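# Structure at a glance
Residue strings, one per chain:
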Amino acid sequence: MSRLSQVFHRRSLTLAWIALLLSLLAGHHALAMAVHLSKSTTPPSSFFIIRLIALCVLAFVVSIHAVCNLIADVERGYSPNRCQLAAVVLFFAVPLSGWLMYQLIRLVLMPPA
């Protein structure tokens, strides 16, 4: 784990963009599932749901790791401009992945009738 943190040392902006990309990809899959549920009477396959859950969990974990890395980089004296840009990117990535996780938990606990 320490080797992974060394790889992303002073890479908050890169990690923020990766988090945003994963969140958007998970959002795209969630939207595809919503369209499928609205147009079809058959539920989506379990493989699709498991893939969506894995992608959302990965996006959420990377987003939280990016926030922690950003906080550490600010304390280490990383460039303020890059920290500000990373914070703006994470402003969009973290809520999106959190909202998707909430919707998936709701879908798993209370499936549609």
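Structure report, in brief. If you're wondering where the values come from, they're calculated on a predicted model, not measured in any experiment. (Residues numbered from 1 in each chain as written. Predicted model: local features only at pLDDT ≥ 70, side-chain atom pairs only at ≥ 80, totals over all residues. Heavy atoms only, no water.)

### As for the side chain of Ser 23
Looking at the element boundaries, Ser 23 is found in helix α2 (residues 12-39). Residue class for Ser 23 comes out buried when judged on its relative accessible area of 0%. Leaving out residues up to four positions away in the same chain, Ser 23 has contacts with Ala 59, Ser 63, Ala 93, Leu 96, Ser 97 and Leu 100. (Helix = DSSP H or I, 4+ residues; strand = E, 2+ residues; numbered from the N terminus. Buried < 20%, exposed > 50% of the residue type's maximum accessible area, 1.4 Å probe, protein only. Contact = heavy atoms within 4.5 Å.)

### Considering helix α3 (residues 46-76)
The terminal C-alpha atoms of α3 lie 44 Å apart, and with 31 residues this matches the ideal 45 Å at 1.5 Å per residue to within 8%. Along α3, the positions that sit buried rather than exposed are Phe 48, Leu 52, Leu 55, Cys 56, Ala 59, Val 62, Ser 63, Ala 66, Asn 69, Leu 70 and Asp 73. Considering only its buried residues, α3 is in contact with α2 and α4 (80-109). Following α3 by one or two positions, Gly 77 adopts a phi angle in the positive range, close to 90°. (Expected span 1.5 Å × (residues − 1).)

### Some details on the side chain of Asp 73
Among the structural elements, Asp 73 can be located in helix α3. Residue Asp 73 is classed as buried on the basis of its relative accessible area of 0%. A polar contact of 2.4 Å, which involves the side chain of Asp 73, links it to the side chain of Arg 76. (Polar contact = N/O pair within 3.5 Å; in protein donor to acceptor, adjacent residues only side chain to side chain.)

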